[in-house]
Every structure is written in C-alpha cells, then in structure tokens.
Amino acid sequence: MESPVWALLPELQNSGNSDIWSLAAQLSVLGDAKTANQPHQRAPISLPPPTSPHPPRIWRNNLSRVIDESLVLEAELRRKKELYNVKIIVLGTKNCGKTTLLKGIRSMYAPKAFYAEREAWRPVIRLNLVRSINYVIGLVLENPQSSTPSPELKRSAMKIASELREVEETLFSCIAPPEMILQAGWYRLGSVAEFSSGNLLVPFRREHMREEEERASRLLSACVSDMQEFWTANETQQLLEELEIELKTQPGFFLDDLQRICDEDYLPTTSDILRTRVHNSSTNGPEKHEIAGEPPFSWASGSLTAYEMKGAFTTSERAQWAQFVDDVTCLIFLIPISAFDEIYYENDILMHPLEQSFKQWRAICSNRLLASVSLTVCLTKIDILRQKVQSGKQFSRFVTSYLDMPNEAAAILSYASEKVKSIYRKSSPGSKYRRELTVARICATNPHNIASIMTALRADVVRSILQECQLLP
C-alpha cells in the first residue's frame with residue numbers, strides 16, 4: 001500500500017503553491033530515507049515549478065493531513081528501530097575491566113568491524129610493551145631502596161632505554177589525537193603500560209605516519225634480543241620480587257610475549273586486543289559507545305548502545321542516571337574479585353575495591369529507577385585471583401567475613417556469588433516486572449568467557465521484546 005505522501009504528491013504538484021510544494025518535496029525525500037529498506041520504496045519525483053501562489057483550502061487541509069500522517073509514520077519507524085536496539089549500562093569500580101569487557105562484547109557483536117581494526121591495534125599493543133619495559137628499566141637505574149643491580153645489568157638497561165626512546169615517541173605520535181601529549185618517562189605501578197588516547201574501543205590512527213610506524217617496528221625487532229635478555233635475567237626478576245611488584249598482573253602486560261609482538265609481521269590476536277591498556281582521561285559520567293550488530297548473532301539486528309559509567313553509583317548522582325535507565329535492556333556490574341588485597345585513592349579517600357563494589361551493588365539493587373532492569377554481575381579477573389591464591393595470599397586476611405573457609409579460588413568465587421545473590425534478595429524493591437539476575441565468573445581478556453555474557457544479554461533482549469509485545473508480564 002502506497003504511503004499517504006506519495007498518494008498526494010500529484011495533487012500537491014498541481015496546487016501551484018511554492019511553500020506547500022517545497023514542504024511536500026521535503027516530505028517525499030523524508031519518506032524515501034525512512035523507507036529505504038521497504039519493498040514499495042520509490043525514487044523522489046522531479047518537481048516542476050509552481051504556477052499559482054494561492055492554493056485552495058482543500059490542498060492546505062490535505063497537506064496538514066500528510067504532515068500528521070508522516071509524523072505518525074516516523075514515530076512508528078523510530079519505535080520499531082528502538083525495539084531492536086540493545087541498550088546496556090556498564091558499571092564498576094576503578095580498574096575493574098569495564099572497557100575490556102566492552103571490547104570483548106564488540107568482538108562478538110560486530111566481529112567483522114573488530115577484525116578489520118586488528119592492524120590499528122598493533123602500535124597500541126607495542127606501546128604498552130615499551131612502557132612496561134621502560135618502567136622496569138627505571139627501577140634498575142633509579143630505585144635507591146632496592147639492592148644495587150650489577151653494573152652489567154645497568155649498562156644493558158641504559159642501552160635499551162636509549163633505543164626505545166625514539167620508538168615510544170614514534171608509536172605515540174602514530175596513534176594519539178593531536179591534543180594528546182606524550183608523558184614519556186611517567187610511569188607508576190597500577191598504570192605502567194597505559195597512556196592517554198582517543199576512543200577506548202576503536203583506536204585512533206594517523207594513516208600518513210605508516211612509514212614512521214614501520215621504522216619503529218624495525219627498531220623493536222632489532223633490539224628484541226636485548227629486551228628479552230634483560231627481562232628474563234634473574235637479577236631483574238629478583239629486583240621485582242624484592243620490591244613486591246607484581247607486574248604480570250597489571251593491565252597491558254606483554255613482556256612475556258616479546259618475541260611474538262616485536263616481530264615485524266606481528267598481527268594482534270583478539271586476546272591481545274582485549275589485554276591492551278589505554279588510559280581513560282574523561283571525567284566522571286557516562287561514555288557512550290555505539291556498536292552496529294552483525295552476524296553470527298541473528299538477534300543483533302539493531303545496534304548496541306553501551307553507556308560506560310565512570311563515577312560511583314551514589315545517592316547524590318541518581319539524578320544524572322535517570323536519562324540513561326529508560327528502556328535499558330541490561331545493567332552489567334563488574335566486581336574485581338582479584339582486588340581483595342588492593343587499595344586505591346578516589347577524591348583523596350582511601351578505597352578498598354572489593355568492599356566498595358559490594359556497597360555499590362547494594363545501592364544498585366535498592367534503586368527504584370532500576371526496579372525492572374535485568375542485572376548481570378561479572379566477577380572479573382578470576383585468572384589473577386587464582387595466581388594470588390596459589391602464591392599463598394590469604395583471602396580471609398583481607399575479607400574477615402570469609403572466616404576459615406578454604407583459601408581456594410573456587411571456594412572464594414562461590415562465597416562472592418552467594419553474597420551477590422544475598423544482597424540482591426534483601427535490597428531489591430518490589431516491582432511489577434520480574435527482574436532477572438545473572439552472575440558470571442569471567443576473565444574479560446579471554447574471548448571464550450565473553451560468550452557467557454552474550455548469552456545472558458541475548459536472553460535479556462528476547463525477554464524485553466516479548467514484554468514489549470505483551471507476551472510476558
């Protein structure tokens with residue numbers, strides 16, 4: 001059946017009024033854009049110039065009806081588009097892996113686009129590596145609190161540092177937006193490999209600097225043997241152990257893959273991309289990510305809009321949340337279970353990541369804005385948890401409520417899962433909809449672990465569509 005706009009165009013064409021005819025032409029183009037994928041799509045009509053400046057009243061009435069019907073049609077098209085658009089909120093404490101999880105979701109939701117960007121991630125990964133080894137070099141050359149390294153190790157460190165200075169500056173220039181400034185030599189534990197750049201899910205890249213990037217690649221390849229020898233030296237590892245620095249658990253750590261990443265023909269894997277570290281320089285508040293859906297997820301026929309929330313979920317910030325929770329498919333909350341022995345400062349306040357996570361989770365469960373939003377909790381960094389437990393760290397020493405339960409990763413994860421569910425049951429408000437809760441145990445840098453999140457997300461999408469169609473309460 002023809003659109004009302006198309007049905008009235010011949011009549012409006014003969015009416016002779018320039019303003020009305022111009023508006024009708026615009027409506028025809030609008031109709032063309034809105035129905036581009038529909039079988040009855042027709043090309044816009046070429047319009048002759050009007051002849052009469054005074055249209056009869058009937059044409060004005062018809063135009064008013066056309067406008068009203070077109071607005072209704074546009075609203076219906078927008079509603080159908082939003083019905084198949086997946087909207088999620090990702091929340092968690094500092095360094096819990098929000099961006100890593102979103103990259104993993106993007107790798108599965110838009111696999112072709114993700115695969116096409118692998119080459120652009122190469123300088124990002126190499127810069128992570130260079131900054132990590134520069135951090136270790138700084139410890140060898142400048143740390144007065146450690147035992148004095150041998151002169152031979154110091155000479156090796158100084159040689160590598162001089163070679164990598166140009167590499168670091170070149171790689172940063174290749175990928176950083178013009179407003180960013182390289183913080184060369186600025187390294188601290190907790191952000192060893194990171195640097196400020198553009199979009200955290202899609203790397204910025206200056207295409208005109210390919211030759212410079214290739215030169216940096218050759219320099220890396222030339223000094224990889226020196227870097228390998230320096231990194232694996234017993235004296236280097238003893239220094240890190242003496243200073244109680246667990247570099248391998250830090251984001252953006254690639255020093256165990258030196259040979260592979262410094263190879264001139266290196267192409268990043270999905271796991272490499274998920275392990276990259278780029279500093280997020282934005283202030284507290286949401287960062288919006290739009291991801292266009294692709295096969296093999298046939299249910300991903302629309303786009304995915306993800307709001308990555310930077311601040312803590314507190315009572316004082318609920319007003320800014322209101323605009324984001326409308327029509328949300330799912331809220332994903334990340335709890336870094338491996339951070340049981342860590343602390344950090346936020347606004348000059350000492351924070352315990354795990355304790356802060358459970359406080360935020362309680363606030364989320366009790367918030368009525370989220371009373372009908374499906375919730376997914378991810379216990380993240382389980383690989384690092386296993387490493388810490390196997391090294392002898394006692395979970396109960398830092399989490400007193402764990403008492404004398406086994407100091408094993410499986411038991412700790414079961415404890416955390418039950419605590420999440422207990423808070424959910426006790427703090428959730430009454431709701432006319434049944435709110436779903438999913439608890440997943442993941443390593444966000446493992447592509448296979450992301451599948452469990454996608455399965456939960458798919459179930460939430462199907463549920464929201466059935467509720468929209470009034471097939472579910």
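Each chain carries its own residue numbering, running from 1 in the written order of its sequence. The predicted origin of the model limits local features to residues at a pLDDT of at least 70 and limits the giving and counting of side-chain atom pairs to 80 or more, whereas totals for whole chains, interfaces and linings rest on all residues. With hydrogens and water set aside, each side-chain value is computed from the structure's full complement of heavy atoms.

**Q** Account for the overall build of the protein chain, with residues named and values stated.
**A** Helix and strand assignments follow DSSP, with helices taken as H or I runs no shorter than four residues and strands as E runs no shorter than two, numbered in order from the N terminus. Across its full length, the protein chain holds 17 helices and eight strands. Should any heavy atoms of two residues lie within 4.5 Å, those residues are counted as being in contact. A fraction of 75% describes how many contacts in the protein chain between residues 6 or more apart in sequence connect residues 24 or more apart. Computed by Shrake-Rupley with a 1.4 Å probe, the accessible areas treat only the displayed protein chains as cover when residues are assessed. Split by element, the accessible area of the protein chain, about 23,800 Å² in all, is 51% carbon and sulfur.

**Q** Tell me about the sheet that holds strand E1 (residues 86-92), and please be specific about residues and values.
**A** Pairing within the open sheet is mixed, and its six strands lie in the order E2-E3-E1-E4-E7-E8. With partners counted over all chains shown, the strands left at the sheet margins are strand E2 (286-292) and strand E8 (437-441), one partner each. Adjacent strand axes in the sheet meet at a mean angle of 20°, parallel and antiparallel pairs treated alike. On top of the sheet, helix H4 (residues 98-109) reaches E1, E2, strand E3 (303-309) and strand E4 (330-336); it is set at about 175° to E3, its chief contact. Strands are labelled as partners when DSSP assigns at least two bridges between them. Axis lines are fitted through C-alpha atoms, for helices just across the contact stretch, and the angle between N-to-C directions can take any value from 0 to 180 degrees.

**Q** Any chance you could break down the UniProt feature "binding site: GTP" (unreviewed entry) in the protein chain for me, citing the residues and the numbers?
**A** UniProt positions are given in the numbering used here, feature names are shortened, and annotations may be inferred rather than shown by experiment. Residues annotated in UniProt with the feature "binding site: GTP" (unreviewed entry) correspond here to Ala444. Positionally, alanine 444 belongs in the loop between E8 and helix H17 (447-468). Working definition: with a 1.4 Å probe on protein chains only, accessible area under 20% of the residue-type maximum means buried, over 50% means exposed, and in between means partly exposed. Assessed through its relative accessible area of 10%, alanine 444 is described here as buried. With residues near it in sequence (within four places) discarded, alanine 444 still touches Thr100, Leu101, Leu274 and Ile450.

**Q** Please set out the nonpolar core residue by residue, giving values where relevant.
**A** If you look at soluble globular proteins, the nonpolar side chains tend to sit buried side by side. Counting 43 residues, the largest nonpolar core has Leu164, Met227, Phe230, Trp231, Leu247, Leu255 and Leu258 as the members making the most contacts within it. Of all elements in the fold, only helix H6 (118-142), helix H7 (151-175), helix H8 (210-232), helix H9 (234-242) and helix H10 (258-261) reach the threshold of two or more residues within this core. When residues in this core are grouped by element, the largest group, 12 residues, is from H6. Look past the residues within four positions of phenylalanine 230 in its chain and what remains in contact with it is Ile133, Val136, Ile137, Val140, Leu153, Ser156, Ala157, Ile160 and Thr236. Here, nonpolar core means buried Ala, Val, Leu, Ile, Met, Phe, Trp, Tyr and Cys residues that are tied together by side-chain atoms lying within 4.5 Å of each other.

**Q** Go over unusual backbone geometry with me, naming the residues and quoting the values.
**A** You will see that asparagine 95, though not glycine, has its phi angle at about 60°, which is positive. If you trace the backbone, asparagine 95 turns up in the loop between E1 and H4. For asparagine 95, a relative accessible area of 32% gives the class partly exposed. Its identity as a non-glycine residue notwithstanding, lysine 381 has a phi of 60°, on the positive side.

**Q** Give a description of the packing of helix H13 (residues 353-366) against helix H16 (residues 409-427) that names residues and reports values.
**A** Relative orientation of the contacting elements H13 and H16 amounts to 35°, with a least axis distance of 8 Å. The two elements H13 and H16 cross, and the hand of that crossing is right-handed. Across from Phe358, Trp361, Arg362, Cys365 and Ser366 in H13, the residues of H16 making contact are Ala416, Lys419, Val420, Ile423, Tyr424 and Ser427. Three classes are used, and their members are as follows: Ala, Val, Leu, Ile, Met, Phe, Trp, Tyr, Cys and Pro are nonpolar, Asp, Glu, Lys and Arg are charged, and the others, Gly among them, are polar. Its residues placed into classes, the contact of H13 with H16 shows seven nonpolar, two polar and two charged. Put simply, a crossing is left-handed when the front helix is turned counterclockwise from the back one by less than a right angle, and right-handed when it is turned clockwise.

**Q** Quick one: what's the story with the pairing of E2, residue by residue and with numbers?
**A** Here E2 shows a buried face lined by Glu287, His289 and Ile291 and an unburied face lined by Pro286, Lys288, Glu290 and Ala292. The pairing of E2 with E3 spans seven bridges and is antiparallel. Opposite proline 286, over in E3, you have methionine 309 as the bridge partner.

**Q** Give me the environment of isoleucine 105: which residues, what numbers.
**A** Tracing the backbone through its elements, the reader meets isoleucine 105 in helix H4. The class for isoleucine 105 is buried, based on a relative accessible area of 0%. Along the sequence, isoleucine 105 and alanine 451 sit 346 residues apart, while their C-alpha atoms lie 8.4 Å from each other. The contact partners of isoleucine 105, leaving out residues within four places of it in the chain, are Ile88, Leu304, Ile332, Ile450, Ile453 and Met454.

**Q** Provide a residue-level description of H6, including the pertinent values.
**A** Each turn of an α-helix holds 3.6 residues, which means side chains three or four residues apart point in the same direction. Here, expected helix span is obtained from the residue count minus one, scaled by 1.5 Å. For H6, built from 25 residues, the straight-helix expectation of 36 Å at 1.5 Å per residue is met to within 8% by its first-to-last C-alpha distance of 36 Å. In terms of residue burial, H6 counts as a mostly covered element, since 21 of its 25 residues are buried.

**Q** Which residues make up the state of the cysteines, and what are the values?
**A** Counting rule for disulfides: a pair of cysteine sulfur atoms within 2.5 Å. Inspection of the entire model under this criterion finds zero disulfides. Among the cysteines around cysteine 223, which has no disulfide bond, cysteine 262 carries the closest sulfur, lying 6.7 Å off. Residue cysteine 223 is classed as buried on the basis of its relative accessible area of 3%. Lacking any disulfide linkage, cysteine 330 is separated from the closest cysteine sulfur, that of cysteine 378, by 8.5 Å.

**Q** An account of a positive patch on the surface is requested, with residue identities and associated values reported.
**A** A cluster of basic side chains, namely Arg362, Lys421, Arg425, Lys426 and Arg441, defines a positive patch on the protein surface. Looking at which element gives the most residues to the positive patch, the answer is H16, with three residues. Structurally, arginine 441 is set in strand E8. Think of a patch as exposed residues, more than 30% relative accessible area, with no salt bridge, where like charges cluster within 9 Å and nonpolar side chains (Val, Leu, Ile, Met, Phe, Trp, Tyr) cluster within 5 Å. Each salt bridge in this description consists of a side-chain nitrogen of Lys or Arg and a carboxyl oxygen of Asp or Glu lying within 4 Å of one another. In this count, Lys and Arg are taken as positive residues and Asp and Glu as negative ones, while His and the chain termini are left out. Charged groups are reduced to one reference atom each: NZ for lysine, CZ for arginine, CG for aspartic acid, CD for glutamic acid.

**Q** Describe the packing of aromatic side chains, with residues and values.
**A** Planes of paired rings set the category: under 30 degrees apart is stacked, over 60 is edge-to-face and the rest tilted, where pairs are Phe, Tyr or Trp rings (Trp by its six-membered ring) whose centres lie within 6.5 Å. If you walk through the whole model with that rule in mind, you get seven aromatic pairs. Here phenylalanine 340 and phenylalanine 395 contribute two aromatic rings whose centre-to-centre distance is 5.1 Å and whose plane-to-plane angle is 55°, an arrangement assigned as tilted. Separated by 55 residues along the polypeptide, phenylalanine 340 in the loop between E4 and strand E5 (344-346) and phenylalanine 395 in helix H15 (residues 395-398) bring together distant segments of the chain. The class for phenylalanine 395 is buried, based on a relative accessible area of 1%.

**Q** Explain the confidence of the model for the protein chain to me, and be specific about the residues and the numbers.
**A** For the protein chain, per-residue confidence averages 75 on the pLDDT scale, and residues scoring 70 or more make up 66% of the total. In predicted models, pLDDT denotes the confidence assigned by the predictor to each residue on a 0 to 100 scale. Note on residues 181-198: pLDDT under 50 across the span, and 56 contacts to partners over four residues away in sequence or across chains.

**Q** Let's hear about the pairing of E1: which residues, and what values?
**A** Successive side chains on a regular strand alternate, one facing one side of the sheet and the next facing the other. E1 sits mainly inside the fold: seven of its seven residues count as buried. Burial of E1 is two-sided: the residues Val86, Ile88, Val90 and Gly92 facing one way and the residues Lys87, Ile89 and Leu91 facing the other way are all buried. The sheet contact formed by E1 and E3 spans five bridges and is parallel. By the bridge assignment, valine 86 is partnered in E3 with leucine 304. Of the pairings in the sheet, the one linking E1 to E4 comprises five bridges and is parallel in character. Residue valine 90 lies in a different strand from E4, and its bridge partner there is isoleucine 332.

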